[in-house]
Amino acid sequence: MNARFGIAGLAWIAFCVAMAGCNDGKTTREVSVANLGNSEHGRQLISNYGCGACHMIPGVRGARGKVGPPLLNLSQRTMIAGELPNTPPNLTRWIQHPREVEPKTAMPELGVTQDEANDIAAYLYTLRGREGTSWID
Ligand code: HEC
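Structural notes, computed from the coordinates. Everything numeric here is computed off the predicted structure, so don't read it as measured data. (Residues numbered from 1 in each chain as written. Predicted model: local features only at pLDDT ≥ 70, side-chain atom pairs only at ≥ 80, totals over all residues. Heavy atoms only, no water.)

1. Remarks on unusual backbone geometry
Of note in the backbone geometry, N73 takes a positive phi value of approximately 60° without being a glycine. Structurally, the position occupied by N73 is in the loop between α3 (39-49) and β1 (79-80). Look at N73 and you get partly exposed, because its relative accessible area is 26%. Positive phi values are uncommon outside glycine, yet A81 reaches one of about 55°. Assignment of secondary structure puts A81 in the loop between β1 and β2 (84-85). (Helix = DSSP H or I, 4+ residues; strand = E, 2+ residues; numbered from the N terminus. Buried < 20%, exposed > 50% of the residue type's maximum accessible area, 1.4 Å probe, protein only.)

2. With respect to the nonpolar core
The biggest cluster of nonpolar side chains holds 25 residues, and the ones touching the most others in it are I46, I57, L91, I95, I120, Y123 and L124. Broken down by secondary-structure element, the contributors of at least two residues to this core are α3, α4 (88-96) and α6 (114-124). With 6 residues, α6 is the single largest residue contributor to this core. Among residues more than four places away in sequence, those in contact with L91 are L74, I80, A121, L124 and Y125. (Core = buried A, V, L, I, M, F, W, Y, C linked by side-chain atoms within 4.5 Å. Contact = heavy atoms within 4.5 Å.)

3. Things to note about the coordination of the iron atom of the ligand
The protein atoms that coordinate the iron atom of the ligand are H55 (NE2) and M107 (SD), at distances of 2.0 to 2.1 Å. For the iron atom of the ligand, the 6 donor atoms in the first shell make angles of 87 to 178° at the metal, so the coordination geometry reads as octahedral. Here the residue H55 occupies a position in the loop between α3 and β1, and M107 occupies one in the loop between α5 (98-101) and α6, the gap between them amounting to 52 residues. The burial state of H55 is the same as that of M107; both residues are buried. (Donors = N, O, S within 2.8 Å, 3.2 Å for Na, K, Ca; no water. Tetrahedral: all angles 85-135°; square planar, octahedral: opposite > 155°, others 65-115°.)

4. Quick word on the site of the ligand
For the ligand, the set of nearby residues contains 21 residues, the closest of which are C51, C54, H55, R77 and M107. Here a nitrogen atom of the ligand sits 2.8 Å away from a polar atom, N or O, in the side chain of H55. A distance of 3.4 Å is found between an oxygen atom of the ligand and a side-chain nitrogen or oxygen belonging to T105. Taking a 2 Å distance to the grid points as the criterion, the majority of the atoms of the ligand fall inside the largest pocket. (Near = heavy atom within 4 Å. Polar contact = N/O pair within 3.5 Å; in protein donor to acceptor, adjacent residues only side chain to side chain. 1 Å grid on protein atoms, 1.4 Å probe; cavity = no way out; pocket = protein on both sides within 12 Å on 5 of 7 lines; lining within 4 Å. Sits in = over half its atoms within 2 Å of the grid points.)

Remember that the coordinates give geometry; whether it matters functionally is a separate question.
Written out as structure tokens, the structure reads:
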């Protein structure tokens, strides 16, 4: 190891420590989301469960509903439904049991299982706003 690498290496380690959760430059949430579930399967489940009847969801055919909020930027939201801090366990809880969280919500209990909710959450966390996403009619 030469001196230049040593300094660069130390700077990188210091940077990683500062980022608190550095893993190939990914944030902690991105890493935990990668382990959460199968996002492509989640996209199919969103289609099967008909979430798009109430939500606009990029990348899901026909998902143009306006009953609930559009599900873009989900990875950047602070809160879920204005009730729960946006963490993977809270998102899967909301998807499975919205009425336990908020009894009067218009979002129904659809009988989504834990594994399915993990896959759906993994897909929703891939959404980052309008850039790079496509609306499919
Ligand atoms: C009958 C309409 C309806 C259906 C079907 C529905 N939702 Fe919702 N959803 C809502 C409404 C209304 C809200 C807003 C809840 C609130 O803030 O009280 C909501 C909120 C959400 C939120 C929180 C959004 C935010 O901005 O914080 C997520 C995530 C979500 N729904 C995912 C899903 C998924 C995934 C499905 C399918 C498994 C689904 N929804 C099916 C109506 C629906």
